[in-house]
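# Secondary and tertiary structure notes
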Amino acid sequence: NRHKAVKVKNPNRKPHSSRVVTVKPNRPNLILKRPNRIRPNYIWVEGHWMWSDFYEDYIWIKGKWMRKKRGHYWIPGFWEVSLDGFIWIDGYWAR
């Protein structure tokens, strides 16, 4: 799934760099819901948008199970407001 209406402001060509957008992408119509079963030592990470240097656009990454890190907790990704629009901050493990 690619987003079709994102306006990217001042894109640069560095890999894995954040992209400032003037309009946050909406979730796609078809979302993978968290499965009902529980997996020990795993957490469910919701689907999210990720910048693709190949497409030069945001693409949807499906939700998935991710192994827990001992002594850490998961901070989900989010859209942060900036002076020029919004910047996607990737999810990460914190202590």
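Heads up: these notes are all about the structure in this document.

The rules behind each value
Residues numbered from 1 in each chain as written. Predicted model: local features only at pLDDT ≥ 70, side-chain atom pairs only at ≥ 80, totals over all residues. Heavy atoms only, no water. Helix = DSSP H or I, 4+ residues; strand = E, 2+ residues; numbered from the N terminus. Buried < 20%, exposed > 50% of the residue type's maximum accessible area, 1.4 Å probe, protein only. Contact = heavy atoms within 4.5 Å. Areas by Shrake-Rupley, 256 points an atom, 1.4 Å probe, with all protein chains shown as cover. Pairing = 2+ DSSP bridges. Polar contact = N/O pair within 3.5 Å; in protein donor to acceptor, adjacent residues only side chain to side chain. Phe/Tyr/Trp six-rings, centres within 6.5 Å; stacked < 30°, edge-to-face > 60°. Lys NZ or Arg CZ within 6 Å of the ring centre and 35° of its normal.

Across its full length, the protein holds zero helices and ten strands. Reading the protein from its N end, one meets helices and strands in the order β-β-β-β-β-β-β-β-β-β. Sorting the 95 residues of the protein into buried and exposed places 31% on the buried side. Considering only contacts in the protein between residues 6 or more positions apart, those separated by 24 or more positions represent 48%. With the model as given, the accessible surface of the protein reaches about 7400 Å², and the carbon-plus-sulfur share is 52%.

A few words now on the pairing of strand 4 (residues 48-52). Judged from the five bridges that link them, strand 4 and strand 5 (residues 57-61) form a sheet pairing that is antiparallel. The partner of Trp51 across the bridge, within strand 5, is Tyr58. In this structure, the hairpin formed by strand 4 and strand 5 is closed by a connection of four residues, where Glu56 is found at a positive phi of approximately 50 degrees.

Within a regular strand, side chains alternate between the sheet's two faces. Relative to strand 9 (residues 86-89), strand 2 (residues 20-21) runs antiparallel, the two sharing two bridges. Bridging across to strand 9, Val20 finds its partner in Ile87. Note that strand 8 (residues 78-81) and strand 9 share four bridges and pair antiparallel. Pairing of Phe78 across the sheet is with Ile89, part of strand 9. Counted between consecutive antiparallel strands, the loop separating strand 8 from strand 9 contains four residues, among which Gly85 sits at a positive phi close to 155 degrees.

The next thing to look at is the side chain of Ser52. Residue position: Ser52 is located in strand 4. There is a polar contact of 3.1 Å between the side chain of Ser52 and the backbone nitrogen of Tyr55. When neighbours within four sequence positions are excluded, Ser52 is seen to be in contact with Asp57 and Ile59.

This part is about unusual backbone geometry. Not every positive phi belongs to a glycine, and Asn41 is a case in point at roughly 65 degrees. Within the secondary structure, Asn41 sits in the loop between strand 2 and strand 3 (42-45). A relative accessible area of 54% places Asn41 in the exposed class.

On to the packing of aromatic side chains. Within this structure, the stated rule accounts for seven aromatic pairs. Ring geometry for Trp51 versus Tyr58: centroids 5.2 Å apart, planes at 80 degrees, classification edge-to-face. Like Trp51, the residue Tyr58 is buried in the burial classification. Judged by centre distance (5.3 Å) and plane angle (70 degrees), the rings of Trp74 and Trp93 are edge-to-face. In this pair, Trp74 is assigned in strand 7 (residues 73-75) and Trp93 in strand 10 (residues 92-94), connecting sequence segments 19 residues apart. For Trp74, a relative accessible area of 23% puts it in the partly exposed group. Put simply, the rings of Trp51, Tyr58, Trp79 and Trp88 pair up and form one aromatic cluster. Note that Arg39 overlies the ring of Tyr42, its terminal NZ or CZ placed 4.1 Å from the centroid.

Taken by themselves, the reported measurements are silent on function.
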